[in-house]
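Descriptive structure summary
As a plain string of letters, each chain reads:
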Amino acid sequence: MRDEDLTAEVLRNALVVAAEEASIVVVKSAYSTFIVEGSDASAAILDKAGRLIAHSMATTLMNSMALSVALPYVLADIPADTMRPGDVFVTNDAYKGGIHTNDLLIFRPIFVDGAVEYFTATLIHVSDIGGGSAGGMASLATEIFLEGLQLPPVRIATAAGLEESITRILALNSRTPDKVLGDVRALIAGATTAARRVEDLIAKHGAAEFAAGVQTYFEHTETLTRAAISELPDGRYTAEYVIDDDGIHPDRSYTIRAAVQVRGDGVEIDFAGTDAQTAAAVNASLSQSLAAAVFAFRCFIDPSIPMNDGCLRALDIKLPEGSLLNATSPYPCGGRFLPAYAAMEAVFQALSDAVPERGIAASGILQPFSIASTTSPYWVHLAYEYGGVGARYGLDGPDASGVHFGLGRNSVPQIEPVEARCPLRVEAIEYLTDSGGAGRWRGGLGTRTTFRLLEDAYITTRGDRLRNGPTGRSGGLPGATGGFYRITVDGEKTRLASKINNEMFRAGEAFVVETTGGGGLGNPQDRPLEQVHTDVRNGWITRESAETVYGVIVDDQLQVDRAASLRARQDRATGATL
């Protein structure tokens, strides 16, 4: 290894550590329950062109792509030569690289010889910033103005401290002003921490050597990415995925279409033909759809390849403006993960056709919801539960973890702190038997979580894949659908719509979240008897499913009747050919 390569590798790891430290500082300093208990914070280091250099281990592509795409818009509004040491900037403009109104993007410039050369950036979903429902859900929004306060790129702090004019606007538009301002201070603290680490690196290695190390890092990543692409079979592969509904029109579904062209050492991903944007919360901003496509592609190459601008150089991603994947004002973007996850799924399926030995069936996705107070003083519990992952070629799908490119370290707050902060009790968290799609390799299981409310509360949900289960591949069956439910004090259970806004629940009632299982891969009749037996013993599938779907007979002592099972499978195979 050459000395300059070693220096670049040292710099790379030092920059990742700097970004990771920044995200930890945000988590430790934040006020919002979801950030503090769910560790959902992101940090990145970028150059002045917005090129992603490094991001924290907790950061996912949904956030790092937003920070990268948004920075050029920040600089277009606030030229670098007007910035001063200690300045910090904030935006949440979904149409200029942002995500949705509740996600605040913070940028702090780093000066080299008196000129801005780099930025550190942090991002979290703050507790509340106005809009039609607490926590930034607004599932039935028809325009972005219903989703909360929008911020163009503005200076939020200087070396002298916070810009009070901006923080007062934020506080006035929030149901939880103290938490939002605490979150802002945490974001600034994280960006400042990373900036100091980068400044130390520049001082240690020198500005020229630091810049050369970054450039080497980019070039090395590009080389690795193109080499990985060259191992994929050339060709054009197409797929699509459907969003159940938009919450406003129950019978109106939407389709995301993707064409993946592999040619030599480059890949084009074109979403032409995707449905047009709509006046409902099922649109995504450019950065989120870009992240979905990049994530899906990276799942089919060497996972050790770094994620930075060098990886992006090998990709040409086309996101038609005015489509569900590249919304324009004033179309709402709060439901951004629904089309983005559909885009991810379409790319997954297209590339699974290209390399079946790395194929994956469709997955259940995160099911977001909020539980919020009906009057002041406001409290909000904003969370997700995860569906099962689709089966992978050679492997069952993981249970209740979801395929995701948009979430942080664990993102699901622990029960005890939530119960201490909010007037509710978590009565049960359990796997849903038979929820994973059957196959040679079984889809991951979904879950059921039951919240008992100790005070009246508003429930808001934003679910999908609750009508049409995630599809299987190569003979595998779809995952079972989940849903949202109300259980009254008298025990009556009713199903809620997948997308509701401020549904009143009374104290004593229960709110139940059931997530969707992942699709199966391959013929269920080919699943080894021992694996079916294990599934039955563990309660993951029922004896009835073992027999009717997998052709495996399990007796009352939960033992496999091998002879009967083999006869049943043979009879089915013979009958299928008659």
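One can find the structure itself at the top, above this paragraph.
In what follows, the accompanying structure is described. What you are looking at is a predicted structure, and each value in this text was computed from that prediction instead of being measured. Counting starts from 1 at the beginning of each chain's written sequence and moves along it residue by residue. Residue-level local features of this predicted model are given only where pLDDT is at least 70; pairs of side-chain atoms are given and counted only at 80 or more, and the full residue set underlies all totals for whole chains, interfaces and linings. Each side-chain value is derived from all of the structure's non-hydrogen atoms; neither hydrogens nor water enter the calculation.

Helix and strand assignments follow DSSP, with helices taken as H or I runs no shorter than four residues and strands as E runs no shorter than two, numbered in order from the N terminus. When helices and strands are counted, the chain shows 13 helices and 20 strands. Taking 2.2 N^0.38 as the reference for a compact globule, 578 residues should give roughly 25 Å; the C-alpha atoms of the chain span a radius of gyration of 24 Å, in line with that estimate. In terms of overall dimensions, the chain has a C-alpha envelope of 80 × 60 × 40 Å along the principal axes. Looking at the chain residue by residue over its 578 residues, the buried ones come to 60%. Contact between two residues is taken to exist if any of their heavy atoms lie within 4.5 Å; hydrogens are not considered. Taking as baseline every contact in the chain between residues at least 6 positions apart, the subset at least 24 positions apart corresponds to 72%. Just so you have it, the chain exposes about 21400 Å², and 50% of that area is on carbon and sulfur atoms. None of His or the chain ends enter the tally, which takes Lys and Arg as positive and Asp and Glu as negative. Throughout, a charge is located at the NZ atom of Lys, the CZ atom of Arg, the CG atom of Asp or the CD atom of Glu. Treating the 50 positive side-chain charges of the chain as one cloud and the 71 negative ones as another, the clouds have centres 1 Å apart. Two things to know: the radius of gyration comes from C-alpha atoms, and the globule rule equals 2.2 Å times the number of residues to the power 0.38. Note on exposure labels: buried denotes an accessible area under 20% of the residue type's maximum, exposed denotes more than 50%, and partly exposed covers the range between, all computed with a 1.4 Å probe on protein chains only. Only the protein chains shown count as cover for residues, and the accessible areas themselves come from Shrake-Rupley with a 1.4 Å probe.

Turning our attention to the pairing of strand β3 (residues 88-91). Neither face of β3 is open: one carries Val88 and Val90, the other Phe89 and Thr91, and all of them are buried. As paired strands, β3 and strand β6 (residues 154-158) are joined by three bridges and run antiparallel to one another. Each bridged residue has a counterpart across the sheet, and for phenylalanine 89 the counterpart in β6 is arginine 155. For two strands to be treated as a pair, DSSP must find at least two bridges joining them.

Moving on to helix α6 (residues 207-230). In this model α6 runs 35 Å from its N-terminal to its C-terminal C-alpha over 24 residues, within 8% of the 34 Å that 1.5 Å per residue would give. Among the residues of α6, those classed as buried are Phe210, Gly213, Val214, Tyr217, Phe218, Thr221, Thr225, Ala228 and Ile229. Expected span of a helix: the number of residues minus one, times 1.5 Å.

Reading across from one edge, β13-β12-β16-β19 is the order of the four strands in this open sheet, with antiparallel pairing throughout. Each edge of the sheet is formed by a strand with only one pairing partner; in this case those strands are β13 (380-385) and β19 (499-505). Averaged over all neighbouring strand pairs, the angle between strand axes comes to 15°, with direction disregarded. Working convention: axes come from line fits to C-alpha atoms, limited for helices to the stretch in contact. Angles between N-to-C directions cover 0 to 180 degrees.

Attention now moves to unusual backbone geometry. Residue proline 330 is reached from serine 329 by a cis peptide bond, and omega for that bond is 5°. A cis amide bond links serine 376 to the next residue, proline 377, at an omega of 0°. Within the secondary structure, proline 377 is located in the loop between β12 (367-372) and β13. A positive phi angle is found at aspartate 434, which is not glycine, with a value near 65°. Within the secondary structure layout, aspartate 434 lies in the loop between β14 (424-431) and β15 (447-453). Of the residues examined, aspartate 434 reaches a relative accessible area of 26% and is grouped as partly exposed. Within the chain, leucine 558 stands out as a residue other than glycine whose phi angle is a positive 60°.

Next up on the list: the pattern of salt bridges. Here, a salt bridge means any side-chain nitrogen of Lys or Arg that lies within 4 Å of a carboxyl oxygen of Asp or Glu. Counted under the stated rule, the structure contains 31 salt bridges. Here glutamate 345 ties to arginine 465 by a salt bridge, and the two come within 2.7 Å at their closest N and O atoms. You can see glutamate 345 sitting in helix α9 (residues 337-354) and its partner arginine 465 sitting in the loop between β16 (457-462) and β17 (483-487), a full 120 residues away along the chain. Here glutamate 345 and arginine 465 have matching classes, each one buried. For the salt bridge of arginine 448 with glutamate 514, the shortest nitrogen-to-oxygen distance reads 2.8 Å. Remark: glutamate 514 occurs in strand β20 (residues 510-514) and arginine 448 occurs in strand β15; sequence separation between them is 66 residues. Accessibility expressed as a relative area gives 23% for arginine 448, which makes it partly exposed. Under the relative-accessibility criterion, glutamate 514 is labelled buried at 8%. One network of salt bridges, with partners in common, ties together Glu222, Arg226, Asp265, Asp309 and Arg313.

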